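Notes for the structure review
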Amino acid sequence: MSKIKNDIRPVLKKFKILYPGEEVCLELLSRKKWEKGFVCKKCGNTNYCKGKKPFSRRCTKCKSEESATSNTLFHNCRIPLHEALEITLLNCIFPDISSYEISRNLERRHMTCYHFQKKIKSCIEGKEQDKLLKELLSEINKKMA
Ligand SMILES: [Zn+2]
């Protein structure tokens, strides 16, 4: 048996304790995404108020709303954000993990895990690593340590 299999569960367990559920993960994503401030994608305005969706922001000028996930690699994800983050984290800690192992541990359809893993991998291994992804992982890893 590979070493990976024995190590996955404690990692997931710890992650779930530190980030219990969707809301906490959305908070983390929105905080990291707008760390340097909010800029409206449509009009460039930097003032915002709370949007309708949890942790989304709404431009005070043109009223367009931006969710925490839009314009990030978690946009249009078919799985909840906390699971997408779990897959992200597993790929970061265990670069050789297979989509089957992820699927078994998260109890999600294999194809769903496969597609998101592909997206994450190209992001992690890409020449220009996604800045947001890097910052998310750095905060999660600090907390997990
Ligand atoms: Zn605007």
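The next point concerns the sheet that holds strand β3 (residues 65-66). Strands sit in the order β1-β2-β3 across an open sheet of 3 strands; the sheet is antiparallel. Both edges of this open sheet fall to β1 (48-50) and β3, since each of them pairs with a single strand only. The pairing of β1 with strand β2 (residues 57-59) spans 3 bridges and is antiparallel. Paired with C49 across the bridge in β2 is R58.

If you look at the biggest cluster of nonpolar residues, it comprises 22 residues, and the most contacted ones within it are C25, L26, L29, L81, A84, L85 and I87. Listed by contribution, the elements that provide at least two residues to this core are α2 (22-33), α3 (81-93), α5 (110-125) and α6 (131-144). Element by element, the count of residues in this core is highest for α3, at 6 residues.

About the criteria used
- Residues numbered from 1 in each chain as written.
- Predicted model: local features only at pLDDT ≥ 70, side-chain atom pairs only at ≥ 80, totals over all residues.
- Pairing = 2+ DSSP bridges.
- Helix = DSSP H or I, 4+ residues; strand = E, 2+ residues; numbered from the N terminus.
- Core = buried A, V, L, I, M, F, W, Y, C linked by C-beta atoms within 7 Å.
- Buried ≥ 20, exposed ≤ 12 C-beta atoms within 10 Å, placed from the backbone.

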